[in-house]
Amino acid sequence: MNPGGNVRRCAIFIVEARDGFDLDLRGLFEGKSALRPRTRWIALAPHLDREVELDLDALAALGRIGEADWMPLADLAREIPATVLETLIASGLVITDGPESAAHRERDERVRAMHWSPLAAVSHRFSRWSDAGMDGRAEISLQHSLSEIVAEFGPPPPHLVAKAGEEAGIALRSPETSALDALMRKRVTCRNFDPRAHVDADAFGALTARVFGCHADVELDAGVRALKKANPSGGGLHPLEAYVLACRVEGVAPGLYHYHAGRHVLEPLASLDEPDLAALAHRFVAGQPYFADAPVLIALTARFARSFWKYRRHPKAYRAIVLEAGHVAQNLYLAATELGLGAFVTAAINEIAIEEALGLDAIEEGALAVCGFGARAPTKTTVEFDPLQRIWHGDERVSGN
């Protein structure tokens with residue numbers, strides 16, 4: 001640590017209080033409780049890859065160091081113990097202008113340049129998974145029945161709520177049945193894909209164009225272009241990207257691709273053999289086997305700078321991006337249903353694994369969801385919610401679906 005250097009706090013960090021217990025051997029031998037309650041203070045900073053536990057001295061010291069202006073380290077050393085400063089600098093929560101903080105400083109400056117809202121940055125960074133659903137891990141329950149869940153947690157909140165008495169309700173007219181009604185009634189999340197079927201080239205091209213493609217590209221000002229797509233987007237900025245894991249697509253070699261919305265082409269990123277393809281599909285969807293069987297999986301990511309360019313440190317900017325991913329997924333469901341294909345979307349994904357496979361840094365571009373589509377299996381082996389029986393009659397597929 002250079003005593004002549006300068007320091008400042010990292011741009012964003014949030015402290016979470018976590019209550020737990022320590023083993024109290026003295027209390028045990030004295031006939032008291034063997035557990036002593038303790039609060040741990042955990043710092044979460046989006047430029048770091050890990051949580052940082054703080055003691056009370058470090059927590060107090062962070063409150064005396066600003067995040068905007070550089071402060072002479074020598075001045076702080078007169079107020080804060082050297083061991084505390086050294087620990088905070090080593091953790092990356094306090095950053096120097098010297099070589100010892102070079103890596104932390106570079107990442108912190110990128111967070112600053114991206115204009116993240118603090119709460120959104122921390123939520124996005126620390127809600128990502130790496131290997132959920134792999135090697136028997138239990139982040140996603142694939143085995144518990146509904147009755148077991150109710151037995152453990154009790155019944156769910158009411159499925160419908162009323163805000164006024166029945167006599168106060170104003171009856172609305174029902175719509176005339178249309179082709180859109182028929183399409184929406186057949187929209188069912190698919191968990192039974194045919195593991196041998198391929199998606200033909202015409203269907204694949206039509207679906208990607210309708211859901212992810214660019215329908216117009218307009219220059220609004222010098223150097224400012226806006227896209228017209230099939231989904232609404234905060235500020236009309238369309239920050240989402242589609243990365244295709246093509247497992248079984250006619251005319252497309254198995255592998256990982258980026259879909260270029262303007263040119264309607266797949267840009268090759270990596271060729272994969274069948275075992276690697278299957279392993280990556282399972283990792284993408286956190287070990288959910290019924291989704292990993294889809295012929296096409298698409299990782300939806302967001303280029304955050306595209307939105308944050310306009311909505312700088314805005315508390316709603318990240319929420320708008322997540323909402324946009326939902327709109328895209330619904331369009332995929334409807335486009336796939338029209339083509340007689342099954343579709344799915346899941347937020348239970350291993351974001352870190354996806355970002356590593358795509359060569360992304362979550363500060364700048366991160367995974368939000370994985371969706372996919374393909375032909376359904378002839379027989380249902382995994383439950384699907386189809387109460388209208390438009391897709392399944394019992395465990396057999398309805399003719400034409």
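Details of the structure are given in the entry above.
So, here's what we can say about the structure.

1. Some remarks on the overall build of the protein chain
Thought 1: Scanning the protein chain for helices and strands turns up 14 helices and 16 strands.
Thought 2: A principal-axis box enclosing the C-alpha atoms of the protein chain has dimensions of 80 × 70 × 60 Å.
Thought 3: In the protein chain, which comprises 401 residues, the proportion classed as buried is 42%.
Thought 4: Put simply, 70% of the contacts in the protein chain that link residues at least 6 apart link residues at least 24 apart.
Thought 5: Working note: accessible area of the protein chain is about 22000 Å², and carbon and sulfur atoms make up 55% of it.
Thought 6: Measuring between centres, the 43 positive side-chain charges of the protein chain sit 4 Å from its 54 negative side-chain charges.

2. Some words on the packing of aromatic side chains
Thought 1: Summed over the entire model, instances satisfying the criterion amount to 10 aromatic pairs.
Thought 2: Look at W116 and F304: their rings are 4.6 Å apart centre to centre, the planes differ by 50°, and that puts the pair in the tilted class. In this pair, W116 sits in the loop between α5 (102–114) and α6 (118–126) while F304 sits in helix α12 (residues 304–308), placing the two residues 188 residues apart along the sequence.
Thought 3: For W116, a relative accessible area of 3% puts it in the buried group.

3. Description of the side chain of T96
Thought 1: Relative to the elements of secondary structure, T96 occurs in strand β6 (residues 94–96).
Thought 2: A relative accessible area of 2% means that T96 is categorised as buried.
Thought 3: There is a polar contact of 2.7 Å between the side chain of T96 and the side chain of E100.
Thought 4: Filtering out sequence-adjacent residues up to four positions away, T96 remains in contact with N6, V7, W70, I89, S101 and R105.

4. Brief notes about unusual backbone geometry
Thought 1: Of note in this structure, H115 is not a glycine but carries a positive phi near 65°.
Thought 2: A residue is classified by how much of its surface remains accessible, and H115, at 23% relative accessible area, is partly exposed.
Thought 3: A positive phi angle is found at R313, which is not glycine, with a value near 55°.
Thought 4: For R313, the position within the fold is in the loop between α12 and α13 (317–338).
Thought 5: Taking relative accessible area as the criterion, R313 reaches 45% and is therefore assigned partly exposed.

5. Considerations on α6
Owing to its 3.6 residues per turn, the α-helix brings residues three or four apart onto one side.
Thought 1: Turning to α6, its buried residues number three or more, namely A120, A121, V122, H124 and R125.
Thought 2: Packed against the buried residues of α6 are β2 (14–23), β3 (35–44), α5, α12, α13 and β14 (365–374).

6. What about the sheet that holds strand β10 (residues 255–260)?
Thought 1: The strand order β11-β10-β9-β12-β14-β13 describes an open sheet built from 6 strands, whose pairing is antiparallel. Edge positions in the sheet fall to β11 (265–271) and β13 (342–346), since each of these pairs with one other strand and no more. The average undirected angle you get between the axes of adjacent strands in this sheet is 25°.
Thought 2: Where strand β12 (residues 296–303) meets β14, 8 bridges bridge the pair, whose relative direction is antiparallel. Within β14, the position partnered with T301 by the bridge is A367.
Thought 3: Sheet strands touched by α13: β9 (240–246), β12, β13 and β14. Its angle to β13, the strand with the most contacts, is close to 165°.
Thought 4: Across the sheet, helix α14 (residues 351–358) lies against β9, β10, β11, β12 and β14, angled at about 90° from β14, the strand it touches most.

7. Comments concerning the nonpolar core
Thought 1: Grouped together as the largest cluster of nonpolar side chains are 70 residues, with contacts concentrated most on W116, F212, I298 and F373.
Thought 2: Broken down by element, the residue count for this core peaks at 9 residues, all from α13.
Thought 3: With 21 residues, the next largest nonpolar core counts A61, L62, L73 and L76 among its residues.

8. Some words on the layout of surface pockets
To find leftover empty space, one rolls a probe the size of a water molecule over the atoms.
Thought 1: Estimates place the volume of the largest pocket at around 370 Å³.
Thought 2: Forming the walls of the largest pocket are 24 residues, and the residues nearest its centre are L227, K229, L240, E241 and A261.
Thought 3: Put simply, the parts of the chain that give the lining of the largest pocket at least two residues each are α9 (201–212), β8 (224–228), β9, β10, β12 and α13.
Thought 4: Per-element tally for the lining of the largest pocket: the top contributor is β9, with 4 residues.

Definitions and limits used
Residues numbered from 1 in each chain as written. Predicted model: local features only at pLDDT ≥ 70, side-chain atom pairs only at ≥ 80, totals over all residues. Heavy atoms only, no water. Helix = DSSP H or I, 4+ residues; strand = E, 2+ residues; numbered from the N terminus. Buried < 20%, exposed > 50% of the residue type's maximum accessible area, 1.4 Å probe, protein only. Contact = heavy atoms within 4.5 Å. Areas by Shrake-Rupley, 256 points an atom, 1.4 Å probe, with all protein chains shown as cover. Lys, Arg positive; Asp, Glu negative; His and termini not counted. Charge placed at Lys NZ, Arg CZ, Asp CG, Glu CD. Phe/Tyr/Trp six-rings, centres within 6.5 Å; stacked < 30°, edge-to-face > 60°. Polar contact = N/O pair within 3.5 Å; in protein donor to acceptor, adjacent residues only side chain to side chain. Pairing = 2+ DSSP bridges. Axes fitted to C-alpha atoms, helices over the stretch in contact; angles between N-to-C directions. Core = buried A, V, L, I, M, F, W, Y, C linked by side-chain atoms within 4.5 Å. 1 Å grid on protein atoms, 1.4 Å probe; cavity = no way out; pocket = protein on both sides within 12 Å on 5 of 7 lines; lining within 4 Å. Points joined across faces, edges and corners; volume = space filled by probe spheres on them.

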